[in-house]
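Each chain is listed here by its residues.
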Amino acid sequence: MSALRQPSGPGALALGLLAATLAAGVLVLLPAVRELAGAPPPAAAFDPGRMVLLYSTLPRLVMALLCGAMLGLAGALLQAALGNPLASPTTIGTDAGARLALALAGLFAPALYGWGRDLVALGGAGAATGLVFLLSHRQGFAAVSLVLAGLVVSLYAGALAGLLTLVEDRYLAGLLIWGAGSLSQQSWDPAIGLATRAALLLPLVFLLVRPLQLVELGEDAARGLGVPAARLRLFAIALAVALAAFVSAAVGVIGFVGLVAPTIARAAGAARVKHRLVWSAVLGGLILLLTDLLVTLLAGPFADFLPTGAVTAVLGSPILLWLLPRVSRREAPPLKPADPERARRRPGRGALAFALLALAAFAAALLLGHGPGGGFGVATGAALDAVLPFRWPRLVGSAGAGALLGLAGLLLQRLTANPMASPEVVGVSAGATFAMVLSVFLIGVAGAASVTAAALLGSLAALLLVLAVARRSGFAPERVLLAGLAVNALLDAVVVVLSATGDPRAIQLLGWLAGFTANVSPGSAVLVAVGAGLLVPLALLLQRWLALLPLGFPPAAALGVPVPAARATLLAMSGLAVALATPVIGPLSFVGLMAPNIVRRLGIQAAGAAILASAACGALVLLVADIAANALAYPLQLPTGLVASLVGAPFLLWLLQSRKAA
Amino acid sequence: MPSLAVAASPRTRPAPAFAVRDLRLAIGGRTILDGVGFDLPAGQVTGILGPNGSGKSTLLKVLARQMPADGGSVLFEGRILEGWRSRDFARRVGYLPQQLAPAAGLTVSELVALGRYPWHGALGRFSATDAEKAEAARRITGVERFADRLVDQLSGGERQRVWIAMLIAQDAACLLLDEPISALDVAVQIEVLDLVRRLAREDGRTVAVVLHDINMAARFCDHLVALRGGRLVADGSVDDLVRADLLESIYAHPMTVIPHPETGQRIAFPR
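Definitions and cut-offs
- For every chain, the first residue of the written sequence is number 1, and numbering continues from 1 onward in sequence order.
- Chains carry letters from A onward and ligands carry numbers from 1 onward, assigned in written order.
- At least 70 in pLDDT is required for a residue's local features to be given in this predicted model, at least 80 for side-chain atom pairs to be given and counted, and no such filter applies to totals for whole chains, interfaces and linings, which use all residues.
- Helical segments are the DSSP runs of H or I of at least four residues, strand segments are the runs of E of at least two, and each set is numbered from the N terminus.
- Each radius of gyration is computed over the set of C-alpha atoms, and the globule rule expresses the reference value as 2.2 Å times the number of residues to the power 0.38.
- Two residues form a contact once the distance between their C-beta atoms, set from the backbone, is within 7 Å.
- The nonpolar class holds Ala, Val, Leu, Ile, Met, Phe, Trp, Tyr, Cys and Pro. Asp, Glu, Lys and Arg form the charged class, and all remaining residues, Gly among them, are polar.
- The angle between two axes is taken between their N-to-C directions and runs from 0 to 180 degrees, where each axis is a line fitted to C-alpha atoms and a helix contributes only its stretch in contact.
- Each angle gets one of four labels, with under 35 degrees taken as roughly parallel, over 145 as roughly antiparallel, 65 to 115 as roughly perpendicular, and the rest as oblique.
- Left-handed describes a crossing whose near helix is turned anticlockwise from the far helix by less than a right angle; the clockwise case is right-handed.
- Under the definition applied here, buried Ala, Val, Leu, Ile, Met, Phe, Trp, Tyr and Cys residues are grouped into a nonpolar core through C-beta atoms within 7 Å.
- For the exposure call, what matters is how many other C-beta atoms sit within 10 Å of a residue's own: 20 or more marks it buried, 12 or fewer exposed, and in between partly exposed, using C-beta atoms placed from the backbone.
- All the domain ranges listed were derived from an automatic or database domain assignment.
- Only when DSSP finds a minimum of two bridges between them are two strands counted as paired.
- Given the number of residues in a helix, its expected span is that number minus one, multiplied by 1.5 Å.

Per an unreviewed UniProt entry, the recorded name for chain B is ATP-binding cassette domain-containing protein, and the organism is Antarcticirhabdus aurantiaca.

The name recorded for chain A in an unreviewed UniProt entry is Fe(3+)-hydroxamate ABC transporter permease FhuB, from Antarcticirhabdus aurantiaca.

Structure below.
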């Protein structure tokens with residue numbers, strides 16, 4: 001019941017932030033101002049210190065204030081329109097859509113400038129947001145479903161942008177710095193341009209204040225009072241998307257301000273829509289300005305290369321993690337039950353069919369392909385002997401990684417009772433990637449064993465972090481997912497910052513993230529296969545827990561299941577599976593999300609059969625992706641992980657969308 | 001015509017299933033249970049009454065070992081709660097929470113079979129006995145005819161029956177039910193409570209059930225306890241409790257008690 005504090009809350013908070021901002025501002029500006037004041041009036045027209053202050057530092061500060069305010073406002077608008085305390089441009093895919101659209105424009109239409117860029121950003125942001133709504137509208141935009149759909153779309157857009165930068169690596173560093181939201185300025189023009197756009201949108205926002213308050217009562221109640229609730233919500237969302245897209249077009253993606261500002265405003269006691277909108281804008285502006293000043297102060301001359309947007313994500317996600325357990329339980333509605341699915345009478349047969357298909361794909365991939373001479377065909381005899389050493393590690397690695405990811409996805413989806421949960425979403429993949437990046441950048445290890453060890457440590461650390469945050473709620477599913485979301489964003493931002501340094505290893509890193517299986521060593525292929533061979537049977541042994549835990553804590557505990565220990569065991573198993581698979585296939589394959597959903601949609605529900613079928617389906621998907629990655633652009637090798645996600649994600653969207661109406 | 005609950009006078013009270021002594025519990029500085037003590041008679045249906053926030057659900061959670069108490073003691077079959085191994089306890093005591101998971105993707109017979117977990121554990125074989133018990137539980141509760149349907153497609157009353165069937169499959173001698181009829185219409189409420197009482201009568205099970213409706217409680221329970229503000233304010237037979245003055249002190253609202261014009265059972269309503 002945090003909303004019942006004194007109305008002075010947000011004001012006092014804003015004053016405190018203002019004081020801190022002023023202090024930091026004085027620290028940043030003082031040297032330049034003192035130098036200017038002490039210096040004699042400029043004799044020449046050219047005075048670098050004065051010019052930097054007037055045309056770089058000051059516009060940058062104004063830009064920070066403006067962007068922060070617009071993002072805060074956009075977040076508050078979205079939260080009010082959707083009745084969802086977790087909505088924000090960052091969490092519902094708006095940012096990622098704008099980022100991808102602008103990356104495309106930057107590569108294929110670099111001359112685009114001014115309003116053209118805004119339109120591109122608006123198109124991308126609108127498309128991504130629309131996709132997210134399409135995915136989550138069946139669950140009434142329930143907080144967690146919306147955020148999960150947003151995360152999936154964001155990750156997907158990120159994978160596409162990653163592929164672009166991989167192909168066009170000349171632009172890599174610039175794109176990454178921009179993509180992460182750099183506020184550095186060279187003139188007043190962008191600030192004036194953005195202010196114009198904000199001024200155009202503001203009157204429309206004011207028109208919405210009162211009707212939005214009524215929409216908060218619920219769509220039915222609002223309609224009873226004569227408010228066209230559905231149209232109004234759509235309009236408010238469109239406004240928020242426009243605000244965020246304009247900011248993206250001007251400075252790139254600045255994550256989390258749009259989430260943190262409204263959350264803080266609400267927690268500080270701004271309860272009514274009007275107050276939330278105003279205070280979110282004020283706090284958003286101050287937060288971004290303060291962050292930017294601190295970046296300038298601490299990074300010194302490198303401030304222009306340290307994207308503030310990445311810093312807000314690094315700072316913002318811990319704030320989100322800290323806030324999560326404190327968001328009143330009532331504010332985050334529990335997950336609605338999934339649409340009823342048809343349960344199959346003989347689920348074991350389905351699992352067997354998947355296993356046979358995976359085996360067939362494996363055999364086909366082993367025999368079929370481009371031979372030593374370059375021709376495509378079935379290899380036999382001596383030709384087979386020649387290609388086998390090249391093919392088997394790749395295929396064993398793909399199959400093993402696919403099985404592990406399918407298993408991990410199934411475990412997580414069953415544990416959280418949410419079909420959108422997957423290793424990618426829960427942050428375990430991000431943890432593995434993060435540790436791999438760290439080990440390459442800081443320690444310089446590159447061997448298969450040491451990288452796998454790093455990935456293992458990283459994914460387990462991410463898992464523990466997520467669990468620690470979710471522990472207060474007794475590992476409530478939605479809390480696990482939200483904590484994973486925050487961890488994901490945090491680690492992603494760190495990886496972006498590291499990559500933005502322009503280090504040549506960043507390109508190597510991108511290749512790795514995309515999931516090239518061509519370089520899989522026999523050692524790591526065997527490791528992955530053994531891991532799958534051990535973890536899948538272990539999961540089969542524990543299938544009763546998997547059947548009981550989705551019933552929730554009280555019934556499972558009442559039946560004598562040691563609930564916390566069972567949850568921890570299964571989570572650790574999924575962490576281990578992801579850690580083993582990630583070095584081979586990268587974090588972006590989405591197999592962990594796809595395989596269990598395909599299996600579920602086919603009606604294989606019984607825990608044991610679902611375990612087998614998910615693992616087999618994961619292996620099948622990656623084997624098919626591997627064949628495609630090798631055959632499509634021969635002699636060029638495409639990254640298997642990315643091929644799997646580019647082919648699989650639309651398929652998955654279609655699957656989730658084509659549910660029959662309840 | 002349902003037999004009246006007057007048969008349950010405390011004359012022949014057997015050894016209690018639960019013996020609760022001086023139970024205290026606070027959550028976040030707020031006292032929920034404040035020195036509650038009573039005996040839960042074995043082989044009878046005991047209704048737990050009280051206004052919202054009086055601590056009835058919490059009391060049931062403590063009995064079901066879902067939540068530890070801060071002070072006091074609870075004995076189940078003469079042994080303190082903490083002394084029971086969790087699967088042994090689950091073989092004796094079944095608990096039905098107020099909020100039930102949607103059990104997505106499970107069929108009725110699969111959900112009922114999950115009740116056998118305390119007997120076969122995580123790794124044991126699902127034996128012929130387990131299958132028999134599950135089948136019997138489906139038969140007793142009358143869920144046989146939708147055994148192959150999905151739980152999340154059932155109506156509220158049907159779903160409640162299926163969950164009770166799971167507790168029966170658990171073969172527990174004692175059932176703790178937290179507001180099992182709160183979202184059901186009157187006919188289904190009576191149907192579910194009829195089932196609950198039949199389970200107690202025919203197999204000698206002990207039942208403790210949290211109820212909101214004093215008249216439902218009076219009709220189906222043998223014994224009643226009432227809480228108010230975390231304290232026990234009444235403990236006795238239906239005749240002892242359904243009295244205007246006592247109900248007034250429980251619900252803090254003037255109540256009238258009159259005999260039912262047809263059955264003669266005493267009924268209470270707010271004035």
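Time to look at the overall build of chain B. Assigned secondary structure in chain B consists of ten helices and twelve strands. Expected size for 271 residues packed as a compact globule is a radius of gyration near 18 Å; at 19 Å, chain B falls within 12% of this value. With respect to the principal axes defined by its C-alpha atoms, chain B has extents near 55 × 45 × 40 Å. Long-range pairs, those at least 24 residues apart, make up 67% of the contacts in chain B between residues at least 6 apart in sequence.

Between chain A and chain B, the residue contacts involve 24 residues of the former and 25 residues of the latter. Partitioning the side of chain A that touches chain B into residue classes produces 19 nonpolar, three polar and two charged.

All names here are of chain A. Direction vectors running N to C along helix α13 (residues 347-367) and helix α14 (residues 381-416) enclose 160°, while the axes themselves pass 10 Å from each other. The orientation of α13 with respect to α14, classified from their angle, is roughly antiparallel. α14 is crossed by α13, and the crossing has right-handed handedness. Touching Ala358, Phe362, Ala365 and Leu366 of α13 are Arg391, Trp392, Leu395 and Ala399, all from α14.

Residues and elements named next belong to chain A. Judged by nonpolar contacts, the single largest core of 292 residues is most densely connected at Met70, Leu77, Leu404 and Leu407. Two domains each donate at least three residues to this core, and these are domain 1 (59-331) and domain 2 (353-657). Filtering out sequence-adjacent residues up to four positions away, Leu77 remains in contact with Val205, Ala236, Leu239, Ala240 and Leu277.

The packing of two helices is summarised by the inter-axis angle and the distance between the axes. All names here are of chain A. At a closest axis distance of 10 Å, the pairing of helix α3 (residues 94-108) and helix α9 (residues 229-251) adopts a crossing angle of 40°. In this view, α3 runs oblique relative to α9, as classed from their interaxial angle. Along this stretch, α3 crosses α9, giving a crossing that reads as right-handed. Only Val241, Ala244, Ala245, Ser248 and Ala249 of α9 make contact with α3, whose side of the interface consists of Thr94, Asp95, Ala98, Arg99 and Leu102. By residue class, the composition of the contact of α3 with α9 is six nonpolar, two polar and two charged.

Moving on, we come to the pairing of strand β11 (residues 255-259) of chain B. Of all five residues in β11(B), zero are buried; the element is thus mostly exposed. In this structure, the hairpin formed by β11(B) and strand β12 (residues 266-270) of chain B is closed by a connection of six residues, where B:Gly264 is found at a positive phi of approximately 85°.

This part takes up the sheet that holds strand β1 (residues 16-27) of chain B. All names here are of chain B. The antiparallel open sheet is built from four strands, whose spatial order is β2-β1-β4-β5. Strands at the two margins of the open sheet, each flanked by one partner only, are β2 (30-41) and β5 (79-80). Relative to strand β4 (residues 71-76), β1 runs antiparallel, the two sharing five bridges. Paired with Phe18 across the bridge in β4 is Phe76.

Time to look at helix α16 (residues 428-443) of chain A. Its 16 residues place the ends of α16(A) 21 Å apart at the C-alpha level, agreeing with the 22 Å of an ideal helix rising 1.5 Å per residue. Listed in full, the buried residues belonging to α16(A) are A:Val428, A:Ser429, A:Ala430, A:Gly431, A:Ala432, A:Thr433, A:Phe434, A:Ala435, A:Met436, A:Val437 and A:Val440.

This next bit is on the sheet that holds strand β3 (residues 45-49) of chain B. Residues and elements named next belong to chain B. If you walk across this open sheet you meet the six strands as β6-β7-β8-β3-β9-β10, and the pairing is mixed. With one partner strand each, in any of the chains shown, β6 (93-96) and β10 (231-237) form the two edges of the open sheet. On average, each strand axis in the sheet is tilted by 15° relative to the strand beside it, whichever way the strands run. Across four bridges, the pairing between β6 and strand β7 (residues 174-178) is parallel. Bridge pairing links Tyr95 to Leu176 in β7. Lying over the sheet, helix α1 (residues 56-63) contacts β3, β7, β8 (206-210) and β9 (223-228), oriented at roughly 150° with respect to β8. Across the sheet, helix α10 (residues 244-251) is in contact with β3, β9 and β10; its angle to β10 comes to roughly 150°.

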